[in-house]
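Chains, contacts and geometry: an overview
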Amino acid sequence: MSDLAGQLEIRLDQRSGTVAIGSSRPVTAARVFAGKSPAEVVRQLPTLFSLCGTAQAAACTAACEQALGRQAGAAVLARRQALVQAETIKEHLWRLLLDWPRMLECKAQAMANINANANANANANANANGSSKNRGNSNGNGNGNAGAGANAQASTLALPTAASAMPRVMQAFMALRQAQQAAGDPFSLDEQQAERGAAAEIDSSRLLDLVIDQALGAAPADWLDAVDRLASLRRWAQQTETPAAGLVCVLMAQGLAGCGANSVLRLPDSPWQQLAWSLASVEADAFIAAPQWRQECAETGPLARVAAQPLIADLLARHGNGLLARLAALLVDLAQSACRLEVMLSTTVEGVSNTARSWVANSATLEPQAEAISNVDLENSRLQDLGRTTMSASFTASGEPKSVLANKVIAGATGIDVGADVGMNDATSPDRDPGLGIGIGTGTGTGAGVGSAEAARGLLVHRVTIINGRAEQYQILAPTEWNFHPQGVVAQGLTAIARSGAQGAELERLARLYITAVDPCVDYKLYVS
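The structure reproduced in this document is the subject of the present report.

About the cut-offs
- Residues numbered from 1 in each chain as written.
- Predicted model: local features only at pLDDT ≥ 70, side-chain atom pairs only at ≥ 80, totals over all residues.
- Heavy atoms only, no water.
- Helix = DSSP H or I, 4+ residues; strand = E, 2+ residues; numbered from the N terminus.
- Buried < 20%, exposed > 50% of the residue type's maximum accessible area, 1.4 Å probe, protein only.
- Contact = heavy atoms within 4.5 Å.
- Pairing = 2+ DSSP bridges.
- Axes fitted to C-alpha atoms, helices over the stretch in contact; angles between N-to-C directions.
- 1 Å grid on protein atoms, 1.4 Å probe; cavity = no way out; pocket = protein on both sides within 12 Å on 5 of 7 lines; lining within 4 Å.
- Points joined across faces, edges and corners; volume = space filled by probe spheres on them.
- Nonpolar A, V, L, I, M, F, W, Y, C, P; charged D, E, K, R; others polar.

1. Some details on the side chain of Thr-480
Relative to the elements of secondary structure, Thr-480 occurs in helix α21 (residues 479-483). The exposure class of Thr-480 is buried, given its relative accessible area of 2%. Not counting residues up to four positions away in its chain, the partners in contact with Thr-480 are Leu-8, Arg-25, His-485, Pro-520 and Cys-521.

2. A short note on unusual backbone geometry
Backbone geometry places Gln-295, a non-glycine residue, at a positive phi of 65°. Phi at Asp-519 is positive, roughly 75°, even though this residue is not glycine. Taking the relative accessible area as the measure of exposure, Asp-519 reaches 14% and is therefore buried.

3. Structural notes on the sheet that holds strand β9 (residues 523-528)
A sheet is described by the order of its strands in space; here three strands give the open sequence β2-β1-β9, paired in mixed fashion. Across the chains shown, the open sheet's two edge strands, defined by having one partner strand only, are β2 (19-23) and β9. Pairs of neighbouring strands in the sheet enclose a mean axial angle of 15°, with direction left out of account. Pairing between strand β1 (residues 7-12) and β2: five bridges, direction antiparallel. Considered in β2, the bridge of Ile-10 is made with Ile-21.

4. Observations concerning the layout of surface pockets
Estimates place the volume of the largest pocket at around 910 Å³. Around the largest pocket, the lining is made up of 42 residues, and of these Ser-50, Leu-51, Cys-52, Gly-53 and Glu-87 lie nearest the centre. Residues belonging to the lining of the largest pocket are distributed by class as follows: 19 nonpolar, ten polar and 13 charged.

The following block contains the structure:
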């Protein structure tokens, strides 16, 4: 729904390098849910967002469950997370197949090479003994014998554009979602329906095959192991026959690795305490409109999520948070999401490829993608005056998971530090929200809850206050408000580009490319003067 999305207006002065970002996004739009029952909110809210509706559903359901004093079972949480991962895959492939090629303005010959490589790789996988069966045996560089053999016949095949693969991605994602909806809704507040949805067998092979064919050229876990430094990224891009590999080659050839690099920090993992108090404060609307982390702008999204991964750490050290690190982070996040999806949708350990299973078991980055944050009781609320809180987040769930791996996924994080410093901004003073600390966990239909999901574009946080079984207040803190803060990562990145000497049409091209790399979830207008 467009009236919930709004629009960004970005103005760049090439002479001074100054950037002004305005937003018509209605930060209080979620108040339309006031007066509705939690079940109505959970059912209606995801339909109002054209992007990341699954992540919205995950955060919404977690917030409502927390406010009602409920906790979903491990299998339900795993299924919710799996569907968020599937949505992330779809969104990342959209960026790689449609947005990045257009914004890079790849020359005709370069795009022909990208498309020919994609075609050859797709045919190589199709001619193998079932591409989904080969995920666990793919060559780490995505340059196996099947791909080499397909090169010989590529010239005789119709060469589709990279964009032509996107309908297949959408079809694969929609087929997965429709199969899930036919079985049951894991996002339902009805426990029986949620568990029925979690028990359904959903085939993710079509979507996962497209990750290999159009992006990685290898099993995701193999790719993560093999591409761990700038040198191996360059080698992979030169040898691999996918549109995504072609984009890396074009970006490097254009000398844009460090384009837009700046010093904006990344939002840390699990910043639940500070965000919960900020959303509960009397200054919550101002915080949602222009959020900061400890009085500084911060970035959320793929780059923030995977910054510690070896490849991204190497690129950040060499080129900062410019375009190459952002494109590589998209690929890493895509690969990680694919690994998680494969594990979470498998009903047995044997149904998961060895490489994906090993990567998930050893991954330090696997955290639940939708959690509910416990609110404080009246005793803890008195600690606010001291700037400290014992608010905790329990990420594990009662009940046995469908598999040992699912349990490991759910238990990827067990909570946040009890009594950690809140460190709120000046604008988020600890004025107690009357919705906090009443009825939590009592099942009385009165309480407050905060839920989150790592959406494709970054951290999504929902907060709801429920009084007598009806939503009294509903708030949404979206990634766009962090990344497109007037002094945030996009503003500073565009300033860096303007000061690099780019002018005229080239400045506008690079500005649009950088905006695309950070990726707003709404339309924008760019004015370069």
